[in-house]
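A look at the structure
Chain by chain, the residues:
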Amino acid sequence: LFMSSAGHTENFQDAFDRQSLVLDKLPLAFYAGMFAYSGWFQASFVREELVRPERNIPLAVIISVITVIVGYMLTNVSYYTVLGTQDVLASPAVAVSFVQRAFKSLISVVPVLVALSCFGTMNGGIFTFSRTLFVASREGQWPPLFSMIHIRRHTPLPAVMLMLPLVTAMVCVGDIYHLLNFFSFSRWLFIGLATLGLIVHRRRHPELHSPFRVPLFVPVSFTAICLFTVAMSFYSDPVSISIGCTMVLSGFPVYYLIIHRQIFLPFFSTLSDYLTHKLQLLLEVVQQEIKTY
């Protein structure tokens, strides 16, 4: 910032040149950007554990989003003041390249800051994903073991532990960009469908009490952006998106046969009861006694 204020703005010349803009690559850029800003909705996954969620969730979202926007904008301005566009594209770690040119004495601090950032992301991911499995199990759409909490720590231990094999399988993919595109497709598809469902629910039942409301154009615009990005991503990365779409569609026959029709329910119930009993003793987990929803 000091360098840009001193007149070093040559890297910002033609910054908004649209000659190299390709429409079918925009969804991949959106996925990366929305992943960086995606922490805003994680507060809603722990609503049951928050005090006064009707006040604290909107407050946390507003403050965090504004803080992240300002921080990311200043960081990107700093990067492009020191590094050119080609330098940023060629760098395997932009923060390291930036510090090597601007603050060589702080080069050892960058790995620590990156590790702290990754730790914060992992912490939010553990809160989000484990609570999703926890609620799905509580609604009867997942084995009952995952709706249980630890008898002393009161955390959804089975749901948290399930993340280990899933994360290990994702790490084995090896390519972070394909993994990001594959994961973002399903994430933003269901987020868009969820907000669309909320709009429909609000129109059908306007008499129901809502802890907080937003203008209708906000969820409508958000839903349109999500679904448009998901649709366009088929042109950007058809292989990863097709794999993600296949995995999403595979859930329909599983849900229809096991949950809706309950065709295989007797076999799965006997096996599930046996495994649940053994794992309950091993993990020291029980069903929650106090209803928090």
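Reading guide: rules and limits
Residues numbered from 1 in each chain as written. Predicted model: local features only at pLDDT ≥ 70, side-chain atom pairs only at ≥ 80, totals over all residues. Heavy atoms only, no water. UniProt positions renumbered as here; feature names shortened; annotations may be inferred. Helix = DSSP H or I, 4+ residues; strand = E, 2+ residues; numbered from the N terminus. Areas by Shrake-Rupley, 256 points an atom, 1.4 Å probe, with all protein chains shown as cover. Expected span 1.5 Å × (residues − 1). Buried < 20%, exposed > 50% of the residue type's maximum accessible area, 1.4 Å probe, protein only. Core = buried A, V, L, I, M, F, W, Y, C linked by side-chain atoms within 4.5 Å. Contact = heavy atoms within 4.5 Å. Salt bridge = Lys/Arg side-chain N within 4 Å of Asp/Glu carboxyl O. pLDDT = per-residue confidence, 0-100. Phe/Tyr/Trp six-rings, centres within 6.5 Å; stacked < 30°, edge-to-face > 60°. Axes fitted to C-alpha atoms, helices over the stretch in contact; angles between N-to-C directions. Parallel < 35°, antiparallel > 145°, perpendicular 65-115°, else oblique. Left-handed = near helix turned anticlockwise from the far one by under 90°. Nonpolar A, V, L, I, M, F, W, Y, C, P; charged D, E, K, R; others polar.

The name recorded for the protein in an unreviewed UniProt entry is XCT protein, from Xiphorhynchus elegans. Turning to the protein, the UniProt annotation filed under Subcellular location (unreviewed entry) states: "Membrane".

**With respect to the overall build of the protein**
The number of helices and strands found in the protein is 12 helices and 2 strands. Its helices and strands taken in sequence order, the protein reads α-α-α-α-α-α-β-α-α-α-α-α-α-β from the N to the C terminus. Accessible surface, the protein: about 20200 Å² in total, of which carbon and sulfur atoms supply 70%.

**Structural notes on helix α9 (residues 217-236)**
Helix length check: α9 (20 residues) gives 28 Å between terminal C-alpha atoms against 28 Å at 1.5 Å per residue, within 8%. Turning to α9, its buried residues number three or more, namely P219, T223, C226, T229, V230, M232, S233 and S236.

**Side note on the nonpolar core**
Judged by nonpolar contacts, Y31, M34, F41, F185, W188, L189, I191, C226, V230, I241 and V248 together constitute the single largest core of 11 residues. Where this core is concerned, the elements lending two or more residues are α2 (26-36), α8 (176-204), α9 and α10 (238-249). With 4 residues, α8 is the largest single contributor of residues to this core. Discounting chain neighbours no more than four positions away, the residues touching C226 are W188, I191 and G192. Residues Y79, L83, V88 and F98 belong to the second largest nonpolar core, which totals 7 residues.

**Some words on the pattern of salt bridges**
This structure, assessed with the given rule, holds 1 salt bridge. Across the pair R152 and E284 runs a salt bridge whose closest N-O atoms are separated by 2.8 Å. Of this pair, R152 sits in the loop between β1 (148-150) and α7 (157-171) while E284 is found in the loop between α12 (265-283) and β2 (285-287), placing the two residues 132 residues apart along the sequence. For R152, a relative accessible area of 53% corresponds to the exposed category.

**Digging into the side chain of S137**
One can find S137 in helix α6 (residues 110-138). When its relative accessible area of 6% is taken as the criterion, S137 is described as buried. If sequence neighbours within four positions are ignored, S137 has contacts with W142, P143, P144, L145, F146 and S147.

**Brief notes about the confidence of the model for the protein**
For the protein, the average pLDDT comes to 79, and 87% of its residues sit at 70 or higher. Looking at the elements of the protein, mean pLDDT is at its lowest for helix α1 (residues 2-5), recorded as 55, and at its highest for β1, recorded as 89.

**Quick notes on the environment of A32**
Residue position: A32 is located in helix α2. Separated by 149 residues in the primary sequence, A32 and N181 place their C-alpha atoms 8.2 Å from one another.

**Section: the packing of aromatic side chains**
Within the structure shown, the criterion is met by 3 aromatic pairs. Note on W142 and F146: the rings are 6.0 Å apart at their centroids and 55° apart in plane angle, and the pair reads as tilted. By relative accessible area, W142 is classed as partly exposed at 37%. Judged by its relative accessible area of 12%, F146 falls in the buried class. When the centroid spacing of 6.2 Å and the interplanar angle of 65° are considered together, the rings of W188 and F222 count as edge-to-face. Separated by 34 residues along the polypeptide, W188 in helix α8 and F222 in helix α9 bring together distant segments of the chain. Relative accessible area serves as the criterion here: at 2%, W188 is assigned to the buried category.

**A closer look at the packing of α9 against α10**
Here α9 crosses α10 at 130°, and the two axes come no closer than 6 Å. Looking at the two axes, α9 sits oblique to α10. For the element pair α9 and α10, the recorded crossing hand is left-handed. Contact residues: α9 offers S233, F234, Y235 and S236, while α10 offers P238, I241 and C245. Residues that form the contact of α9 with α10 fall into these classes: 5 nonpolar, 2 polar and no charged.

**Examining the UniProt feature "transmembrane region" (unreviewed entry) in the protein**
Here the UniProt-annotated "transmembrane region" (unreviewed entry) positions come out as residues 28-46, 58-82, 102-122, 157-179, 185-202, 214-235 and 241-259. In this annotation, residues 58-82 is assigned 100% helix and 0% strand; the end-to-end C-alpha distance for the span is 36 Å. A helix fraction of 95% and a strand fraction of 0% characterise residues 241-259, whose end C-alpha atoms lie 27 Å from each other.

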